[in-house]
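One-letter residues, chain by chain:
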Amino acid sequence: NDRLIERLRATMELDRLQRELRVARQIQHSMLPSSSPLFPEHPEIDCDGRMRAARDVGGDFYDAFYIDSRRVFLTIGDVCGKGMPAALFMVRALTLLRSEATRRTGAQRGQLQRIVGRANRLLCAGNDNGLFVTVFCGILDTANGMLSFVNAGHNPPLIASPNGACRPLAEPRNPIMGLVEDLSFSAGSSALDRGDMLVLHTDGITEAEDPRGAMFGEERLASLVGGLATRSSSAAIEATIAEVDRFCAGREQSDDLTLLALVFRGPPTE
């Protein structure tokens, strides 16, 4: 009888933990942009995103929102580790970036460095467990296609043109966020032409493995994205995830898969 009682208690505790994880997953997903595609009221861009967690909760995130009438803020991140600690740190990082991006500072010059720098300082405060996050942040001016960005240790995004060319935004690179408080971050810039597609991703895409242990890789992703630039952002994301799944050939997903794609259509012509 004692064994049966202990077994019943263990089963009830497991059920409780599973319910809490399901709720945590719902809360985490509710924090990410929910409409698909994003910004249907803005014809100057076509934007969409996906996050598929490897476990009930994950450490990846993405976000996109307008900070004024013509500039859209884009970000993607990947917290080191998995499970509940990574998910909680992900919530903290995402909340801080949103807060800093919407802070009214007046000057646009150096805005991204201030956003990332302040968010990094706040992430470092009380981070006794030594968690950290890689982050890419960008601000796209939809009036002229100019993208300014800060990359804090994240995978370089890709820019694909309708002619099939694809290039990474490899420089400048900065340290990861959350470990060193007094960091200065360098910003870069790149111009998007009409029809260009910007693809942000996490390493769950490039480090996905097939049954033999080979990784999907940056080159394979660039080749794939280069052939998807004429599609919508939603279609490009679905095609990329489908190709990763095909490559993995049934191998269990070991890391979160996250993509944020934006096609620059340009302001409407008169």
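Quantities reported herein were computed from a predicted structural model and do not represent experimental measurements. (Residues numbered from 1 in each chain as written. Predicted model: local features only at pLDDT ≥ 70, side-chain atom pairs only at ≥ 80, totals over all residues. Heavy atoms only, no water.)

### Some remarks on the sheet that holds strand 4 (residues 133–141)
Rule in force here: Strand pairing is assigned whenever DSSP detects at least two bridges linking the two strands. Labels follow the DSSP assignment, with helices taken as runs of H or I lasting at least four residues and strands as runs of E lasting at least two, numbered in each case from the N terminus. Axes, fitted as lines to C-alpha atoms, cover a helix only where it is in contact. Angles between the N-to-C directions of the axes lie from 0 to 180 degrees. Any two residues whose heavy atoms approach within 4.5 Å at even a single point are treated as in contact.
Spatial strand order, 2-3-4-5-8: five strands in an open sheet with antiparallel pairing. The open sheet is flanked by strand 2 (60–66) and strand 8 (188–191), the only strands paired with a single partner. Taken pair by pair, the neighbouring strands of this sheet meet at an average axis angle of 15°, ignoring direction. One ladder, built from seven bridges, connects strand 4 with strand 5 (residues 146–152); its direction is antiparallel. Counted as the bridge partner of Gly138 is Phe149 from strand 5. Together, strand 2, strand 3 (71–79) and strand 4 form the strand contacts of helix 2 (residues 83–101), whose direction differs from that of strand 2 by roughly 15°.

### A closer look at helix 5 (residues 218–226)
For clarity, the threshold we go by: Any residue under 20% of the maximum accessible area for its type is buried, any over 50% is exposed, and the rest in between are partly exposed; the area is computed with a 1.4 Å probe on protein chains only.
Buried within helix 5 we find Leu221, Leu224, Val225 and Gly226. Where helix 5 is buried, its residues touch strand 6 (158–160), strand 7 (166–168), strand 9 (197–201), helix 4 (203–206) and helix 6 (233–248).

### Some details on the packing of aromatic side chains
This is how it is decided: Think of it this way: a Phe, Tyr or Trp ring, Trp meaning its six-membered ring, pairs with another when their centres are within 6.5 Å, and the plane angle makes it stacked under 30 degrees, edge-to-face over 60, tilted otherwise. The rule for a charge over a ring is simple: NZ of Lys or CZ of Arg within 6 Å of the ring centre, and within 35 degrees of the ring normal.
One pass over the full model with this rule turns up four aromatic pairs. Taken together, a centroid distance of 5.2 Å and an interplanar angle of 35° make the contact between Phe65 and Phe73 tilted. Taken together, a centroid distance of 5.3 Å and an interplanar angle of 85° make the contact between Phe216 and Phe247 edge-to-face. Taken as a pair, Phe216 in the loop between helix 4 and helix 5 and Phe247 in helix 6 lie far apart in primary sequence, 31 residues in all. Residue Phe216 is classed as buried on the basis of its relative accessible area of 2%. Among the residues examined, Phe247 registers a relative accessible area of 10% and is labelled buried. Sitting over the ring of Phe216, Arg220 keeps its end group 5.6 Å from the ring centre.

### Describing the environment of Phe39
Here Phe39 is to be found in the loop between helix 1 (2–30) and strand 1 (45–52). Since its relative accessible area comes to 12%, Phe39 is described here as buried. Sequence-distant contacts of Phe39, that is, excluding residues within four places in its chain, are made with Ile45, Cys47, Ala64, Phe65, Tyr66 and Val72.

### What about the nonpolar core?
Using the following cut-off: Joining through side-chain atoms within 4.5 Å is the link that ties buried Ala, Val, Leu, Ile, Met, Phe, Trp, Tyr and Cys residues into a set, and such a set is a nonpolar core.
Counting residues in each nonpolar core, the largest one holds 53 residues, and the members touching the most others are Phe61, Phe73, Val133 and Met177. The element best represented in this core is helix 2, accounting for eight residues. Sequence-distant contacts of Phe61, defined by excluding residues within four places in its chain, comprise Leu32, Thr75, Ile76, Gly77, Asp78, Met90, Ala93, Leu94, Leu97, Val133, Val135 and Thr258. Among the nonpolar cores identified, the runner-up in size contains 23 residues, and Met197, Ala208, Leu224 and Ala239 belong to it.

### Focus on the confidence of the model for the protein chain
The cut-off we apply is this: pLDDT is a per-residue confidence score from the predictor, ranging from 0 to 100.
Mean pLDDT over the protein chain: 90, with 95% of residues reaching 70 or higher. Per-element confidence in the protein chain is highest for strand 9, whose mean pLDDT is 98, and lowest for helix 1, whose mean pLDDT is 73.

### Considering the environment of Pro211
Within the secondary structure, Pro211 is located in the loop between helix 4 and helix 5. Judged by its relative accessible area of 54%, Pro211 falls in the exposed class. Measuring from C-alpha to C-alpha, the distance between Pro211 and Gln113 comes to 41 Å, with 98 residues separating the pair along the chain.

### Brief notes about the pairing of strand 3
Extensive coverage of strand 3 is indicated by the burial of nine of its nine residues. What you see with strand 3 is no split at all: Arg71, Phe73, Thr75, Gly77 and Val79 on one side and Val72, Leu74, Ile76 and Asp78 on the other are buried throughout. Across seven bridges, the pairing between strand 2 and strand 3 is antiparallel. Within strand 3, the position partnered with Asp60 by the bridge is Asp78.

### What about the packing of helix 2 against helix 3 (residues 111–124)?
What describes two packed helices is the angle between their axes and the distance between those same axes. Short version of the rule: Two helices that cross are described as forming a left-handed crossing if the nearer one is turned anticlockwise from the farther one by less than a right angle, and a right-handed crossing if clockwise. Classification used: nonpolar for Ala, Val, Leu, Ile, Met, Phe, Trp, Tyr, Cys and Pro, charged for Asp, Glu, Lys and Arg, polar for all others including Gly.
Contact geometry of helix 2 with helix 3 gives a least axis separation of 9 Å together with a crossing angle of 145°. The handedness of the crossing between helix 2 and helix 3 comes out as right-handed. Contact residues: Phe89, Arg92, Ala93, Leu96, Leu97, Glu100 and Ala101 in helix 2; Gln111, Ile115, Arg118, Ala119, Leu122 and Leu123 in helix 3. When the residues that make up the contact of helix 2 with helix 3 are grouped by side-chain class, the tally is nine nonpolar, one polar and three charged.

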